[in-house]
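Residue strings, one per chain:
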Amino acid sequence: MSSKCQPCGPGRSVVELTIAIHYVFNAPMDKILWDAGQHAYAHKILTGRRSLFHTIKQKNGLSGFTSRYESEYDPFGAGHGCNSLSAGLGMAVARDINGRKNRIVTVISNWTTMAGQVYEAMGHAGFLDSNMVVILNDSCHSLLPKADGRPKMSVSAFSSAVSKIQSSKGFRRFREAAKGLAKWFGKGMHEFAAKIDEYARGMIGPHGATLFEELGLYYIGPIDGHNIDDLICVLKEVSTLDSTGPVLVHVITGTENDTGGNMRSEITPNDEGPPNSSHDLLKFLETGLSRTYNDCFVEALTAEAENDKRIVVVHGGMGMDRSLRLFKSSFPDRFFDLGIAEQHAVTFSAGLACGGLKPFCIIPSTFLQRAYDQIVEDVDMQKIPVRFAITNAGLVGSEGPTNSGPFDITFMSCLPNMIVMSPSNEDELIDMVATAAMVEDRPICFRYPRGAVVGTSGTFTYGNPLQIGKGEILVEGKEIAFLGYGEVVQRCLIAQSLLSNFGIQATVANARFCKPLDIDLIRTLCQQHSFLITVEEGTVGGFGSHVSQFISLDGLLDGRIKWRPIVLPDRYIEHASLAEQFDLAGLTAHHIAATALTLLGRHRDALLLMK
């Protein structure tokens, strides 16, 4: 994976833990669930997929996440984090109802503990008192480091010995017997004994250990996650079927960082420190790295923030793109990284806006799905001016459907107060940052893809605010018109060039806005052409649906115009290279041009073009 510039540090950090889990538990009868796909790499190797591991994240190869379709050893898909405990609890309850005796093991991480769902699941597990093992893989990484610079948690010989005692069957039986005896003496004695037990465990355990106890999980730890003997000893004890309810085993593992980058990095630069100015960033990007849309976005946002002290950044999602370090280093007091607490990130942004600031809420499309209720209730319904920068929009190549973002056009454009836009290149992205900063009476969002830019300027310029709801015609032709939304406009331009080889002069228009639509532009295209093709890297119900709704109500479809949409197919596109995914989805320039040829009745030419 390192040779392919893929992050493998998270997987390497849990090798010993994975070996110990598979040594003690009997998968696939025992169910082993992982929250993060990157932590399951050693699990994949140990469960019959070693010979295929070189195909990971490639077309028709192994998924980068656990997958129920891939192996019986993957009982649940590792998607956006914090789902394994909820799913595992459901499996535990189903096991008990069906009278089975298999064991349930869920592995969660630091990232997981940033999300509320995990605490909801813990509280429910404690209430139901179902037997299951929860392993907290603590990589000592914190999004919110202590200002006093306290050292990271370590595992001493004493804590290791105490953990073995805590996990032993005899100690747990003695503890349960003591609880029963205290109850026999009455409520007062039982409450007093419980307080003594909590105090004693708080004295010998690390900070925060009693939180899990309060939620109803029996806490054991911390344990050295690289000491296989200690891991096996503790896991063997907690694996007994007569364990008393849910158990949380706190395992300390090494750092997840390596030369492959962090958990969800979009580029994999060298190890030199992050740039601390716009000039340094440009110099940094000229060292051979592909310049990404994220680079352009952060560059433009940093420039806006230098002139507007009310601009702040709220980042949600797993991992942080290196580009964002420019803003973080420039304005540390105006940058908030909230990890996978996306729901909190959206409502927190709404609060910042109500306090007079200009929050840019940066969340990848796939993770924004988790916070949709907050977008509706806490932002759009109240017309609060939160500015959503939706990264990794559309297809994302090797990360597959788990991390792709095909739905945001649809679920954002149906909201009554939301302004929805998407740039066709880096220059428009910079302009949309300025546009978003200008809007203060309602929420606004813009999406952009993962990967390298295809813009025209090549140098940074300050953005110019766009007129809301106005697109543009890029190339004028006749008979057939392409109306593109977002980066796919570039493929429309290539399709126009391909059609010119067949003697067809097509029009290409850049919509820029999905909501509000440029109705004057759409009327012009419909009145001057026989065919209108809308193109977007999104699902049914998005930009094309809004266009068809307008031209239907406006009576334009009653005339000579014929409308055809090109959208992503109604299925999930599995992991492959981005070019291969576009081909599978029918979204290449050749597919777009072939659609036009077919509409014009030139079926033979369309077939020739696709050969």
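This structure is a prediction, so every number in the text was calculated from the model and none was measured. (Residues numbered from 1 in each chain as written. Predicted model: local features only at pLDDT ≥ 70, side-chain atom pairs only at ≥ 80, totals over all residues. Heavy atoms only, no water.)

What about the sheet that holds strand β14 (residues 507-510)?
Sheet architecture is open: 5 strands sit in the order β12-β14-β13-β16-β17, paired in mixed fashion. Two strands in the sheet have a free side with no partner beyond their single neighbour: β12 (472-475) and β17 (562-566). Averaged over all neighbouring strand pairs, the angle between strand axes comes to 25°, with direction disregarded. Bridge count for strand β16 (residues 529-536) against β17 is 5 bridges, and the pairing is parallel. Residue pairing for β17: phenylalanine 531 is matched across the bridge by lysine 562. Across the sheet, helix α22 (residues 543-553) touches β13 (479-485), β16 and β17, and the angle it forms with β16 is around 145°. (Pairing = 2+ DSSP bridges. Helix = DSSP H or I, 4+ residues; strand = E, 2+ residues; numbered from the N terminus. Axes fitted to C-alpha atoms, helices over the stretch in contact; angles between N-to-C directions. Contact = heavy atoms within 4.5 Å.)

Digging into the nonpolar core
Formed by 68 residues in total, the largest nonpolar core has its most connected members in Phe388, Met412, Leu483, Leu532 and Phe543. Top contributing element to this core by residue count: helix α14 (residues 342-354), with 5 residues. Leu326, Ile362, Val453 and Leu466 belong to the second largest nonpolar core, which has 33 residues in total. (Core = buried A, V, L, I, M, F, W, Y, C linked by side-chain atoms within 4.5 Å. Buried < 20%, exposed > 50% of the residue type's maximum accessible area, 1.4 Å probe, protein only.)

A word on helix α4 (residues 84-97)
Across its 14 residues, α4 extends 20 Å between first and last C-alpha, which sits within 8% of the 20 Å expected from 1.5 Å per residue. Of all the positions in α4, only Ser84, Leu85, Ala87, Gly88, Leu89, Ala92 and Arg95 are classed as buried. Residues of α4 that are buried make contact with β1 (31-34), β2 (104-109), α5 (116-128) and β3 (133-138). A positive phi of about 75° marks glycine 99, the residue just after α4. (Expected span 1.5 Å × (residues − 1).)

Focus: the environment of alanine 27
Of note, alanine 27 is situated in the loop between α2 (15-24) and β1. Between the C-alpha atoms of alanine 27 and tyrosine 73, which are 46 residues apart in sequence, the distance is 6.4 Å. If sequence neighbours within four positions are ignored, alanine 27 has contacts with His22, Ile32 and Tyr73.

A word on the confidence of the model for the chain
Residues of the chain with pLDDT of at least 70 account for 80%, and the chain-wide mean is 83. Between the elements of the chain, mean pLDDT differs from a low of 40, seen in helix α11 (residues 278-285), to a high of 98, seen in β14. Contacts of residues 147-151 to residues separated by more than four positions or lying in other chains number 0 contacts, the stretch itself having pLDDT below 50. Every residue in residues 258-289 scores below 50 in pLDDT, and together they form 70 contacts with partners more than four places removed in sequence or on other chains. (pLDDT = per-residue confidence, 0-100.)

Here we look at the sheet that holds strand β8 (residues 358-364)
If you walk across this open sheet you meet the 7 strands as β7-β6-β8-β9-β11-β10-β15, and the pairing is mixed. Sheet topology places β7 (335-337) and β15 (513-515) at the edges, where each strand pairs with a single neighbour. Strand-to-strand, the axes of this sheet are offset by a mean angle of 20°, without reference to chain direction. Of the pairings in the sheet, the one linking strand β6 (residues 311-315) to β7 comprises 3 bridges and is parallel in character. If you follow valine 314 over to β7, its bridge partner there is phenylalanine 336.

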